[in-house]
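Here is what each chain is made of, one letter per residue.
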Amino acid sequence: MSEWPMVKLGELGKWAAGGTPSRLKAEYFGGIIPWASIADLNDGFVSMTMESITELGLQNSSAKIYPKGSILIAMYGSIGKLGINVVPMASNQAIACFIPNETLERDYAFWALYSLRSELIMIGRGGTQKNIGQGILKEQKIPLPPLGEQKRIAEILGGVSKAIHAVEQQLQLVESACVNSFERKFNLEMQNGARDASSIADFIESTQYGTSKKAKEDGDIPILRMGNVTYSGKIDMTDLKYIDLDERELEKFSLKNGDLLFNRTNSAELVGKTAVFESFSDQIISYAGYLVRARVNADSNPYYVSGYLNSPSGKAQLRLRAKAIVGMANINAREFLSLEIPAATKEEQEEFAHLFEKCEKIRHLLHRKLSLLQELQKSLATRAFAGLL
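Treat the numbers as computed from the prediction; the structure is a model and nothing was measured.

Here we look at the packing of aromatic side chains
Here's step 1: Tallied over the entire structure, the rule returns 14 aromatic pairs.
Here's step 2: Ring geometry for Phe29 versus Trp35: centroids 5.8 Å apart, planes at 80 degrees, classification edge-to-face. Trp35 matches Phe29 in its accessibility class, with the two residues each being buried.
Here's step 3: Centroid distance Trp111 to Tyr114: 5.2 Å. Interplanar angle 75 degrees. Geometry classified as edge-to-face. One end of the pair is Trp111 and the other is Tyr114, both in helix α2 (residues 106-115) and three residues apart, which spans about a single turn.
Here's step 4: Under the relative-accessibility criterion, Trp111 is labelled buried at 5%.
Here's step 5: Its relative accessible area of 16% is what places Tyr114 among the buried residues.
Here's step 6: One aromatic cluster is present, built from ring pairs that chain together Phe182, Phe186, Phe203, Tyr304, Tyr308 and Phe352.

Structure below.
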């Protein structure tokens with residue numbers, strides 16, 4: 001165990017928290033002062049914020065400007081989420097600001113707070129949205145080695161953080177490669193008149209709404225719900241529920257390899273999420289009522305249809321066609337089939353599907369690399385603040 005002294009964070013620097021100007025005063029917002037919310041925190045450097053406030057908004061609220069290089073930490077919801085502002089900025093009351101004193105190296109303090117995240121989450125109070133206060137943060141103790149050792153530890157952890165950031169950037173490039181390829185090759189050609197327009201009905205053999213049976217926490221048959229289809233067009237097999245189906249229902253509501261799942265009801269931003277179901281075992285998997293199962297015909301490839309619906313032009317058409325119903329948006333099976341899509345030969349569709357497969361293989365490798373780096377980061381942080389690094 002480390003022989004370094006354990007010191008409360010409240011004794012190692014200045015703490016402050018932000019505030020929110022009245023939303024009823026339009027003149028308080030849209031100014032030149034960056035105003036951070038938890039959504040702006042990225043466990044790294046924060047240079048821009050989604051919102052800004054005016055000098056008048058600053059003066060008429062508890063918001064205050066933090067000097068650049070301060071450590072920002074979330075106290076509500078995503079407790080422990082971190083950021084370092086690279087420009088002076090204010091924040092709302094959900095964020096605390098920590099300015100280390102001369103005994104504490106900033107980047108070391110950042111990683112010390114990072115290592116406390118799990119503990120802070122456990123301490124969090126409240127119902128739907130847990131929170132902590134500045135008082136709790138000030139009471140947390142961290143080991144305080146000499147400044148030279150602090151810098152060494154921060155450099156090691158920072159090096160892993162840079163490697164993680166590099167892999168995340170590679171992932172973004174790979175994930176956008178297929179989308180951009182579809183947009184250039186097919187959508188722009190159709191928009192410029194160099195390619196005919198078709199409808200999704202020309203690619204589909206059959207459609208079927210999902211089951212309305214209530215899902216349970218356990219059972220024999222997993223059921224995919226709208227949350228299991230991601231905005232980027234993937235199937236997320238976490239957070240599964242289960243149902244029971246008789247033989248007749250099994251035939252109707254079971255997925256086959258290559259089936260398209262289309263999210264027919266959701267918010268206006270998310271309606272129309274589409275992914276291709278890939279089966280890697282004999283496990284029967286069903287789908288819920290807010291999803292439409294579409295099965296392509298012999299002349300079509302499901303990855304081509306999904307590629308279109310996940311492209312910028314495809315998503316734009318979905319937003320235009322969605323009907324608002326009591327705070328939600330809807331596109332039924334008939335409307336889904338009528339959506340315009342660039343015409344393509346079977347060979348062109350197969351070519352795009354091959355590109356998609358290559359991108360997916362690279363994406364899986366990068367996700368594995370990212371996972372290993374994140375585990376290394378956690379392990380190193382644990383060892384560092386135990387004096388074992």
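Concerning the pattern of salt bridges
Here's step 1: All told, the structure shown has 17 salt bridges when counted by the stated rule.
Here's step 2: A salt bridge links Glu189 to Arg195; the nearest nitrogen and oxygen atoms lie 3.0 Å apart.
Here's step 3: Of the charged contacts, one joins Asp239 and Arg225 as a salt bridge, the two residues approaching to 3.5 Å between their closest N and O atoms. Linking Asp239 in the loop between β13 (221-224) and β14 (241-243) with Arg225 in the loop between β13 and β14, this pair joins segments that are 14 residues apart in sequence.
Here's step 4: What you see here is one network of salt bridges that share partners, running through Glu189, Arg195 and Glu348.

Here we look at the packing of α2 against helix α5 (residues 147-191)
Here's step 1: It is at 8 Å that the axes of α2 and α5 come closest, and there the two elements cross at 65 degrees. In terms of crossing hand, the pair formed by α2 and α5 is left-handed. Contacts between α2 and α5 pair Asp107, Tyr108 and Trp111 from the former with Gln150, Ile153, Ala154, Leu157, Gly158 and Ser161 from the latter.
Here's step 2: Among the residues making up the contact of α2 with α5, the classes are represented as five nonpolar, three polar and one charged.

Structural notes on the environment of Leu255
Here's step 1: Position of Leu255 among the secondary structure elements: in the loop between α6 (247-253) and β15 (260-263).
Here's step 2: The spacing of Leu255 and Tyr290 is 35 residues in sequence and 15 Å in space, taken between C-alpha atoms.
Here's step 3: Residues contacting Leu255, with those up to four places away along its chain left out, are Leu224, Leu261, Phe277, Ile285, Ser286, Tyr287 and Arg293.

A closer look at the pairing of β15
Here's step 1: Side chains of β15 alternate between two faces, with Leu260 and Phe262 and Leu261 and Asn263 buried alike.
Here's step 2: Two strands pair when backbone bridges link them, and β15 and strand β17 (residues 274-276) are joined in this way by three bridges, in the antiparallel orientation. Paired with Phe262 across the bridge in β17 is Thr274.
Here's step 3: Sheet topology places β15 next to strand β19 (residues 291-296); four bridges connect them, and they run antiparallel. The partner of Phe262 across the bridge, within β19, is Val292.

A word on the packing of α5 against helix α7 (residues 302-309)
Here's step 1: Running from amino to carboxyl end, α5 crosses α7 at an angle of 95 degrees, the nearest separation of the two axes being 10 Å. By the criterion of interaxial angle, the relationship of α5 to α7 is roughly perpendicular. When α5 is examined against α7, the residues Phe182, Phe186 and Asn187 are found in contact with a partner set consisting of Tyr304, Gly307 and Tyr308.
Here's step 2: Here the contact of α5 with α7 is composed, by residue class, of four nonpolar, two polar and no charged.

Topic: the nonpolar core
Here's step 1: Ranked by internal contacts, the top residues of the largest apolar core, which has 73 residues, are Phe98 and Leu309.
Here's step 2: Looking at this core element by element, the count peaks at eleven residues for α5.
Here's step 3: Excluding residues that lie within four positions of it along the chain, Phe98 makes contacts with Leu9, Leu12, Gly13, Lys14, Trp15, Ser70, Ile71, Leu104, Ala109 and Leu113.
Here's step 4: Residues Ile221, Leu240, Ile243 and Ile285 belong to the second largest nonpolar core, which totals 16 residues.

Concerning the sheet that holds strand β12 (residues 204-209)
Here's step 1: Read across the sheet, four strands follow the order β12-β19-β15-β17 without closing on themselves; strand pairing throughout is antiparallel. A strand with exactly one partner marks an edge of an open sheet, and here the two such strands are β12 and β17. Mean inter-strand twist for the sheet, computed between neighbouring axes without regard to direction, equals 20 degrees.
Here's step 2: Sitting on the sheet, α7 is in contact with β15, β17 and β19, with an inclination near 155 degrees to β17.

Conventions and cut-offs
Residues numbered from 1 in each chain as written. Predicted model: local features only at pLDDT ≥ 70, side-chain atom pairs only at ≥ 80, totals over all residues. Heavy atoms only, no water. Phe/Tyr/Trp six-rings, centres within 6.5 Å; stacked < 30°, edge-to-face > 60°. Buried < 20%, exposed > 50% of the residue type's maximum accessible area, 1.4 Å probe, protein only. Helix = DSSP H or I, 4+ residues; strand = E, 2+ residues; numbered from the N terminus. Salt bridge = Lys/Arg side-chain N within 4 Å of Asp/Glu carboxyl O. Axes fitted to C-alpha atoms, helices over the stretch in contact; angles between N-to-C directions. Left-handed = near helix turned anticlockwise from the far one by under 90°. Contact = heavy atoms within 4.5 Å. Nonpolar A, V, L, I, M, F, W, Y, C, P; charged D, E, K, R; others polar. Pairing = 2+ DSSP bridges. Parallel < 35°, antiparallel > 145°, perpendicular 65-115°, else oblique. Core = buried A, V, L, I, M, F, W, Y, C linked by side-chain atoms within 4.5 Å.

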